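Chains, contacts and geometry: an overview
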Amino acid sequence: MHALTGFSLVSLLSFGYLSWDWAKPSLVADWPGEAGEQRSAAPPQPPHIIFILTDDQGYHDVGYHGSDIETPTLDRLAAKGVKLENYYIQPICTPSRSQLLTGRYQIHTGLQHSIIRPQQPNCLPLDQVTLPQKLQEAGYSTHMVGKWHLGFYRKECLPTRRGFDTFLGSLTGNVDYYTYDNCDGPGVCGFDLHEGENVAWGLSGQYSTMLYAQRASHILASHSPQRPLFLYVAFQAVHTPLQSPREYLYRYRTMGNVARRKYAAMVTCMDEAVRNITWALKRYGFYNNSVIIFSSDNGGQTFSGGSNWPLRGRKGTYWEGGVRGLGFVHSPLLKRKQRTSRALMHITDWYPTLVGLAGGTTSAADGLDGYDVWPAISEGRASPRTEILHNIDPLYNHAQHGSLEGGFGIWNTAVQAAIRVGEWKLLTGDPGYGDWIPPQTLATFPGSWWNLERMASVRQAVWLFNISADPYEREDLAGQRPDVVRTLLARLAEYNRTAIPVRYPAENPRAHPDFNGGAWGPWASDEEEEEEEGRARSFSRGRRKKKCKICKLRSFFRKLNTRLMSQRI
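Residues numbered from 1 in each chain as written. Predicted model: local features only at pLDDT ≥ 70, side-chain atom pairs only at ≥ 80, totals over all residues. Heavy atoms only, no water.

Turning to the layout of surface pockets, a few remarks are in order. What the second largest pocket holds in volume is close to 260 Å³. If you trace the second largest pocket, you find it lined by Tyr 59, Glu 85, Asn 86, Pro 310, Leu 311, Arg 324, Arg 342, Arg 420, Ile 467, Ser 468, Pro 471 and Tyr 472. Split into classes, the residues belonging to the lining of the second largest pocket amount to six nonpolar, two polar and four charged. (1 Å grid on protein atoms, 1.4 Å probe; cavity = no way out; pocket = protein on both sides within 12 Å on 5 of 7 lines; lining within 4 Å. Points joined across faces, edges and corners; volume = space filled by probe spheres on them. Nonpolar A, V, L, I, M, F, W, Y, C, P; charged D, E, K, R; others polar.)

A few words now on the nonpolar core. Counting 55 residues, the largest nonpolar core has Ile 52, Leu 193, Leu 220, Leu 231, Phe 235 and Met 270 as its most contacted members. Elements that contribute at least two residues to this core include exactly strand E1 (48-54), helix H2 (72-79), helix H5 (208-222), strand E10 (229-234), helix H7 (258-283) and strand E11 (290-296). In this structure, Tyr 232, Ala 343, Leu 357 and Trp 520 belong to the second largest nonpolar core, which totals 46 residues. (Core = buried A, V, L, I, M, F, W, Y, C linked by side-chain atoms within 4.5 Å. Buried < 20%, exposed > 50% of the residue type's maximum accessible area, 1.4 Å probe, protein only. Helix = DSSP H or I, 4+ residues; strand = E, 2+ residues; numbered from the N terminus.)

Evaluation of the coordinates by the stated rule reveals two disulfides. The disulfide that involves Cys 123 links it to Cys 157, with 2.3 Å between the sulfurs. Between Cys 123 and Cys 157 the disulfide shows an S-S torsion of about -55 degrees. By sign, it is left-handed. Taken as a pair, Cys 123 in the loop between helix H3 (93-102) and helix H4 (131-137) and Cys 157 in the loop between strand E4 (141-147) and strand E5 (166-170) lie far apart in primary sequence, 34 residues in all. Residue classification places Cys 157 among the buried positions, given a relative accessible area of 1%. Between the sulfur of Cys 183 and that of Cys 189 lies a disulfide, 1.9 Å long from S to S. Between Cys 183 and Cys 189, the S-S torsion sits near 110 degrees, and that sign places the bridge as right-handed. Residue class for Cys 189 comes out partly exposed when judged on its relative accessible area of 30%. For the chain, the disulfide bridges join cysteines in the arrangement 1-2, 3-4, where the cysteines are counted in sequence order. (Disulfide = S-S within 2.5 Å.)

Think of it this way: side chains of opposite charge can pair up when their charged atoms draw near. Per the counting criterion, the structure on display carries 19 salt bridges. Its salt-bridge partner being Asp 297, residue Arg 97 comes within 3.1 Å of it at the nearest N-O pair. In this pair, Arg 97 sits in helix H3 while Asp 297 sits in the loop between E11 and helix H8 (320-323), placing the two residues 200 residues apart along the sequence. Relative accessible area serves as the criterion here: at 0%, Asp 297 is assigned to the buried category. Across the pair Arg 161 and Glu 197 runs a salt bridge whose closest N-O atoms are separated by 2.6 Å. Placement of Arg 161 in the loop between E4 and E5 and of Glu 197 in the loop between strand E8 (194-195) and strand E9 (198-199) is noted, with a sequence separation of 36 residues between them. (Salt bridge = Lys/Arg side-chain N within 4 Å of Asp/Glu carboxyl O.)

Once that is clear, we can look at the side chain of Gln 106. Structurally, Gln 106 can be placed in the loop between H3 and H4. Gln 106 sits in the buried class, given a relative accessible area of 2%.

The description of two helices packed together rests on the angle between their axes and the distance between the axes. Where H5 contacts H7, the axes come no closer than 9 Å and their chain directions differ by 5 degrees. On the basis of the axis angle, H5 is roughly parallel to H7. Every residue of H7 that contacts H5 at Thr 209, Met 210, Ala 213, Ala 216, Ser 217 and Leu 220 is listed here: Cys 269, Met 270, Ala 273, Asn 276, Ile 277, Ala 280 and Leu 281. Here the residues of the contact of H5 with H7 are counted per class, giving 10 nonpolar, three polar and no charged. (Axes fitted to C-alpha atoms, helices over the stretch in contact; angles between N-to-C directions. Parallel < 35°, antiparallel > 145°, perpendicular 65-115°, else oblique. Contact = heavy atoms within 4.5 Å.)

Bringing the environment of Ala 417 into the picture now. Mapped onto the secondary structure, Ala 417 falls in strand E16 (residues 416-421). Ignoring anything within four residues of it in the chain, the contact list for Ala 417 reads Asn 391, Ile 392, Trp 411, Leu 426, Leu 427, Thr 428 and Leu 492.

The strands making up a sheet associate through backbone hydrogen bonding, with each pair oriented either parallel or antiparallel. Reading across the sheet, the four strands line up as E15-E16-E17-E18 and stay open at both edges, with antiparallel pairing between neighbours. A single partner strand is all that each edge strand has here, and the edge strands are strand E15 (387-393) and strand E18 (462-466). Strand-to-strand twist across the sheet, computed as the mean angle between neighbouring axes with direction ignored, equals 10 degrees. Where E16 meets strand E17 (residues 424-428), five bridges bridge the pair, whose relative direction is antiparallel. The partner of Val 421 across the bridge, within E17, is Trp 424. Contacts from helix H12 (residues 482-496) reach E15, E16, E17 and E18, with the element oriented near 65 degrees to E17. (Pairing = 2+ DSSP bridges.)

As a further point, take the confidence of the model for the chain. Mean pLDDT over the chain: 87, with 81% of residues reaching 70 or higher. For the stretch residues 1-43, pLDDT sits under 50, and the model shows 85 contacts to residues farther than four places along the chain or on other chains. Scored below 50 in pLDDT, residues 538-569 shows 51 contacts in the model against residues more than four places distant or in partner chains. (pLDDT = per-residue confidence, 0-100.)

For the pair Asp 297 and Leu 326, spaced 29 residues apart in the sequence, the C-alpha separation amounts to 8.4 Å. Asp 297 has contacts with Leu 53, Thr 54, Asp 55, Asp 56, Ile 89, Gln 90, Ile 92, Cys 93, Ser 96 and Arg 97, leaving out every residue within four places of it along the chain. A polar side-chain atom of Asp 297 sits 2.9 Å from the main-chain amide nitrogen of Asp 56. Of the polar contacts made by the side chain of Asp 297, one reaches the side chain of Arg 97; its length is 3.1 Å. (Polar contact = N/O pair within 3.5 Å; in protein donor to acceptor, adjacent residues only side chain to side chain.)

The mixed open sheet is built from 10 strands, whose spatial order is E9-E8-E5-E4-E10-E1-E11-E12-E2-E13. In this open sheet, the two edge strands, each paired with only one partner strand, are E9 and strand E13 (339-341). Where strand E2 (residues 82-84) meets E13, three bridges bridge the pair, whose relative direction is parallel. What sits directly across from Lys 83, in E13, is Thr 340.

This part is about the packing of aromatic side chains. Scanning the entire structure with this criterion turns up 14 aromatic pairs. Taking 6.3 Å as the distance between ring centres and 70 degrees as the angle between the ring planes, the aromatic pair formed by Phe 51 and Tyr 232 counts as edge-to-face. Taken together, the positions of Phe 51 in strand E1 and Tyr 232 in strand E10 put the pair 181 residues apart, joining distant regions of the chain. Just as Phe 51 is buried, Tyr 232 falls in that class too. Ring centres 5.2 Å apart and planes at 45 degrees place the aromatic pair Tyr 178 and Tyr 207 in the tilted group. Of the two residues, Tyr 178 sits in the loop between E5 and strand E6 (181-183) while Tyr 207 sits in the loop between E9 and H5, which places them 29 residues apart along the sequence. Residue class for Tyr 207 comes out buried when judged on its relative accessible area of 3%. Counting every residue linked through ring pairs, the aromatic cluster contains Phe 51, Tyr 87, Phe 164, Phe 230, Tyr 232 and Trp 350. Stacked on the ring of Tyr 250, the Lys or Arg Arg 253 has its end atom at 3.9 Å from the ring centre. (Phe/Tyr/Trp six-rings, centres within 6.5 Å; stacked < 30°, edge-to-face > 60°. Lys NZ or Arg CZ within 6 Å of the ring centre and 35° of its normal.)

Next up, the structure:
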């Protein structure tokens, strides 16, 4: 554990980026939430908001869920705050991030399908008012550190154009933790670490988890606590590649499974990064008027060391293991602390909740799908949310055994979709791998042990579960409760009538880093944007035409990369 001591504010600012070894662990004073905590009945000003998002951290991969991975900081913060044990996210990266920053379901932003890939001329729709933009209107200073993954093909798509005063991090979804290189297929590789709108070549070589924690602490050291702050820390950890500093690996040297060992080391390193950020909040006068939110972005990737046990499924699926999130809120401002909340919440709820905390306003005209859940979190009141649309993806491979007839003429059950209404959860189409995967403690995992609970041959396209009574999705009630199935299918149809067309344009070879100085970054002009939009409209009408000289080359790259990138997700 590390903390920063012995520096004045002036010397700290002149020091710039701090090394990870700020000071010896023995020099750490009161840990936030213990002896030095001050309590006030009401904040003197809007609270400082610190949102920490981890990448691919499994539901089982935190100490307070019984994990074999050490997360003392997260355990402590959660124990003294409010644990969110009925909290939902999305199954993959871009969807969770887009819904966090817009407060809207994917069907209402056109991002229903997959992720935004590095070579796609696509980004978070520019007509959406983002969460940091709303907070800026409320007088907040806004800063982002970490993984963006919401598109960057035009400069208008960059974090600093979408509401953040400063940005340090990666634009794509998957980079090396030290070199910050990212390959989007064979030979399509480039550097991806940016500060503001510039490529940060000079910061290469520093482990990203540590670099991001250092930048977050630097922001706190240089900012006045008198002005409200929104700090969004989106760690790359613990997404692949599995890389960790050696000292963290040593702690798990007796763990037989190599992938699990590396993954565990990455989680513990991230936990210490959260400790350092939290300690900096206290040292620089932010903590007593702060709200710290911790959230995962999707389920753990079980092929890469993650575990969602005992939930069903994994990252990329609509089973609980893919969409049940890790989450808690820690704040001196909570009225009821040290408890577990089972109020239904979704990642879209943070938008109106945080805008409300900041003193801002939202209205029906904003078209939000989220709810202000602060009374449920802080006071233990009932959640205003009663249902969640997990998603409707019309482009995902249609289930072989689904049909409109199988959906009572209400819904084509071949379409991938999932919805939760009250205690009921309905899935249609192909929800993804529906296995119950135990923690990877055996050196030979995956092996015969895993195969004990594999769903090998599934010949259905509709599932219904009572999630309150059966959170592990072991008893399918679709055959017993056709009345509930009909009701939820009708609700899916209602949602689908509000959906906008999917935006998933073809990849463009002009995005290749070789054409952009060796780094991933904006590459399209306004004229190219208009051309791409026209091409997308033609595609949606089934009349796609070649309109440029490099269409054949674009098609080649798309076919070459599709299979590889699908496996990477």
